[in-house]
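Below are the chains, spelled out letter by letter.
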Amino acid sequence: MELALDGSVVLVTGGARGVGLGITQAFQAAGATVVICGRTEPASHVADFIACDIRDTEQVDAMVTTIVSRYGRLDILVNNAGGAPVVSTGSASPRFHEAVIRLNLVAPLLVSQRVNAVMQEQATGGSIVMISSINGSRPAPASVAYGAAKAGINNMAASLAAEWAPKVRVNSLGVGMVRTDITEEAFAPIMDEAAAAVPLGRLAEPSEIGACAVFLASPLASYVTGATLLVHGGGELPVYFDRETP
C-alpha cells in the first residue's frame, strides 16, 4: 500500500514556518496540494496561503469555504498552529492562561468542526491530524496551560474519532522538542542539554514530524484512529538516569 496522496487537498494551520513548514513540505513531497493559513502572509511563497485567525469563527468559515470553492474538496486537516511562552504559573494572568487554551485547544476544535462538515459529505471522507506535545502526557511546569491544552487535544482526537467515524479519522502526534528557528531562539542555552536527554541523542527535525503526519493521514494508517503517536525520540530521560550504566 502506498501513500496515495496525489490529488489530495490538505490544510495545514500555521504551515509557513517551524514544524508547520516541515509538515507542509512533507505533504507536498507526497503529491498533495497544500493550503496554509496564518494571521500574516509569509515573506516567501510556501504554498497557497489564506489569511485566517483560527480563533475567529467567521474567518475560519470563510477559509474553509474558499478552499472548497477553489479546489472542490478538502481531504486532510493538520491542526498545527499553537504554542506558548514559558512563564511562571504563579505570576501569569488569567487572561494569559485563557489565551493559551483558546489557541491550543478551542481553536483546533473550531477548525476541526468546520472541516468535518465538509469531509462528512465527501465519498472518501477525510483525515484530521492534531499536533500535540509530550507536555500533554507529563508534568509541564511553567507551561501549565499549554500542557493542559495539549492533554485536551489528545482526548479531543480520541473523542472526535469515535464521534465522526467511519467517514473521518482523527489522530494526534505527541511531539517532543523539535529543532527550529523558534526553539533555537527560545531555548538556546539548553539545546545541547535537551538533546542529550533524549535516547536518540538529538532533537527532532521538522521533516520528521511532517513524515509522521503524512503517515497518519495516508491510507497506510487506514485502521488508525483515535490514537496519539509519540514522536519524541524515546522521551526525555529522567535526571537520575546514567547513560553509562550497562
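Residues numbered from 1 in each chain as written. Predicted model: local features only at pLDDT ≥ 70, side-chain atom pairs only at ≥ 80, totals over all residues. Heavy atoms only, no water.

The name given to the protein chain in an unreviewed UniProt entry is SDR family oxidoreductase, and the organism recorded there is Kibdelosporangium philippinense.

Colleague: Can you help me understand the side chain of Asp 75 in this one?
Modeller: As for its position among the elements, Asp 75 is in the loop between helix H2 (57-71) and strand E4 (76-79). Relative accessible area serves as the criterion here: at 9%, Asp 75 is assigned to the buried category. Of the polar contacts made by the side chain of Asp 75, one reaches the side chain of Arg 73; its length is 2.7 Å. Among all residues touching Asp 75, those that are not within four sequence positions of it are Gly 7, Ser 8, Val 9, Met 119, Gln 122, Thr 124, Gly 126 and Ser 127. (Helix = DSSP H or I, 4+ residues; strand = E, 2+ residues; numbered from the N terminus. Buried < 20%, exposed > 50% of the residue type's maximum accessible area, 1.4 Å probe, protein only. Polar contact = N/O pair within 3.5 Å; in protein donor to acceptor, adjacent residues only side chain to side chain. Contact = heavy atoms within 4.5 Å.)

Colleague: Honestly, empty space enclosed by the protein in this entry has me stumped. Any pointers?
Modeller: Over the atoms rolls a probe the size of a water molecule, and in doing so it shows where empty space is left. Under the defined criterion, the tally for this structure stands at one cavity of 30 Å³ or more. Volume-wise, the largest cavity comes out at about 60 Å³. Lining the largest cavity are Ala 84, Pro 85, Val 87, Thr 89, Phe 96, His 97, Val 100, Ala 142, Ser 143, Val 144, Ala 145 and Tyr 146. The set of elements that each furnish at least two residues to the lining of the largest cavity consists of helix H3 (94-119) and helix H4 (144-164). Looking at the lining of the largest cavity, its residues break down into nine nonpolar, three polar and no charged. (1 Å grid on protein atoms, 1.4 Å probe; cavity = no way out; pocket = protein on both sides within 12 Å on 5 of 7 lines; lining within 4 Å. Points joined across faces, edges and corners; volume = space filled by probe spheres on them. Nonpolar A, V, L, I, M, F, W, Y, C, P; charged D, E, K, R; others polar.)

Colleague: Mind showing me how you'd approach helix H1 (residues 18-29) here?
Modeller: Given 3.6 residues to a turn, an α-helix orients residues that are three or four positions apart in the same direction. Its 12 residues place the ends of H1 17 Å apart at the C-alpha level, agreeing with the 16 Å of an ideal helix rising 1.5 Å per residue. Of the surrounding secondary structure, the elements contacted by the buried residues of H1 are strand E1 (9-13), strand E2 (33-38), E4, strand E5 (126-133), helix H5 (181-186) and helix H7 (206-217). Following H1 by one or two positions, Gly 31 has its phi on the positive side, about 95 degrees. (Expected span 1.5 Å × (residues − 1).)

Colleague: Before we go on, may I ask you to explain the pattern of salt bridges in this structure?
Modeller: Where side chains of opposite charge bring their charged atoms close, a pairing between them can arise. The final tally for this structure, using the stated rule, is eight salt bridges. Linking Arg 138 and Glu 236 is a salt bridge whose minimum nitrogen-to-oxygen distance equals 3.0 Å. On the criterion of sequence distance, the pair formed by Arg 138 in the loop between E5 and H4 and Glu 236 in the segment after strand E7 (228-231) is long-range, its members being 98 residues apart. On the basis of relative accessible area, Glu 236 is assigned to the partly exposed category, the value being 40%. (Salt bridge = Lys/Arg side-chain N within 4 Å of Asp/Glu carboxyl O.)

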